[in-house]
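# Coordinate analysis (summary)
Given next are the chains, with one letter for each unit.
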Amino acid sequence: DVCSSDLDCPFYSQCGGCDFRHTDYQTELELKTDILRETFLRIGKLEISPGDVAVIPSPKRNRYRIRSRLQCYQGHKGFFAKGSHDIVTVNDCLLMPEHLVSILQKTRCRNSFYLETHPFLETGYRYRKAGELEPVEISFPGYTLMHQPGSFFQANRFLLQKFIETVGELDR
């Protein structure tokens, strides 16, 4: 493991939201590839050679996450601390798009909530549970997807277009 003494997140040492900020990005990709290979073996009983699978790198390491779940307790909002239900109060998250950070900073905290972004637009949504908001229209060449905020979606908004193109190529 390559450890960085230059942590870019002031919350990393306490927050349980990230696992890889202590490494450089190349090492993060290698660790995620190892996790992917282990998952194929554990769940699918498929042994994948190291060179046969790799995690696709994001063009940006920061501000990519489509959805974040924030916890609230006694007016404090943030993420669970590593290994506990204590809340680490945050006013920013390097994985969260900047337009969601402004919503985070303006939100008064009474109940845990989600912040989610449209994958291609600078539009943010705040909700407490899936199904609370109307589906969001996401258009791609040749078709439209209706996405229900709160349901599973590719986590990295910068890789989504490449993912869609890859699936489209498989369909041909």
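For the structure itself, look to the data block above.
For every chain, the first residue of its written sequence is number 1, and the numbers climb from 1 along that sequence. In keeping with the predicted nature of the model, local features appear solely for residues at pLDDT of at least 70, side-chain atom pairs appear and are counted solely at 80 or more, and the whole-chain, interface and lining totals rest on all residues. Excluding hydrogens and water, the side-chain values take into account all heavy atoms of the structure.

## A closer look at a nonpolar patch on the surface
Together, Leu36, Phe40 and Leu46 make up an exposed nonpolar region whose accessible area comes to about 230 Å². Mapped onto the fold, leucine 36 is located in helix H1 (residues 25-44). Patches in this entry comprise residues that are over 30% relatively accessible and not in a salt bridge; like charges within 9 Å are linked, as are nonpolar side chains (Val, Leu, Ile, Met, Phe, Trp, Tyr) within 5 Å. Accessibility throughout is a Shrake-Rupley quantity obtained with a 1.4 Å probe, and a residue counts as covered only by protein chains that appear here. Here, a salt bridge means any side-chain nitrogen of Lys or Arg that lies within 4 Å of a carboxyl oxygen of Asp or Glu. Helical segments are the DSSP runs of H or I of at least four residues, strand segments are the runs of E of at least two, and each set is numbered from the N terminus.

## Let's talk about the sheet that holds strand E1 (residues 67-73)
Each pair of strands is called paired provided DSSP finds at least two bridges between the two strands. Strand order in the open sheet formed by five strands is E3-E2-E1-E4-E5, and the pairing between neighbours is antiparallel. Every other strand in the sheet has two partners, leaving strand E3 (87-89) and strand E5 (124-127) as the edge strands with one partner each. Each neighbouring strand pair of the sheet contributes to a mean axis angle of 40°, computed without reference to strand direction. As defined by bridge partners, strand E4 (residues 113-117) adjoins E5 across four bridges and the pair is classed as antiparallel. Among the inter-strand pairings, glutamate 116 is bridged to a residue of E5, identified as tyrosine 125. Here an angle of 0 to 180 degrees is reported between the N-to-C directions of two axes, which are lines fitted to C-alpha atoms, with helices fitted over the stretch in contact.

## Comments concerning the side chain of threonine 117
Locating threonine 117 in the fold gives a position in strand E4. Within 3.5 Å is the distance limit for a polar contact, defined as a pair of N or O atoms, with the added protein rule that one can donate a hydrogen and the other accept it, and that residues adjacent in sequence qualify only through two side-chain atoms. Polar contacts involving the side chain of threonine 117 include one to the side chain of histidine 99, which spans 2.6 Å. Whether two residues touch is decided by their heavy atoms; if any such pair falls within 4.5 Å, the residues are in contact. Discounting residues that sit within four places of it in the chain, threonine 117 has contacts with Arg65, Ile66, Pro97, His99, Leu100, Thr123, Gly124, Tyr125 and Arg157.

## Concerning the pairing of E1
Bridge analysis of E1 against E4 gives four bridges, and the strand direction is antiparallel. Note on E4: the bridge partner recorded for serine 68 is leucine 115. Sheet topology note: the E1/strand E2 (residues 76-80) ladder contains three bridges and is antiparallel. Residue pairing in the sheet places cysteine 72 in a bridge with lysine 77 of E2. Where E1 folds back on E2, the antiparallel hairpin that results is connected by two residues, among which glutamine 74 adopts a positive phi of roughly 50°.

Keep in mind that these numbers describe shape and distance, not what the molecule does.
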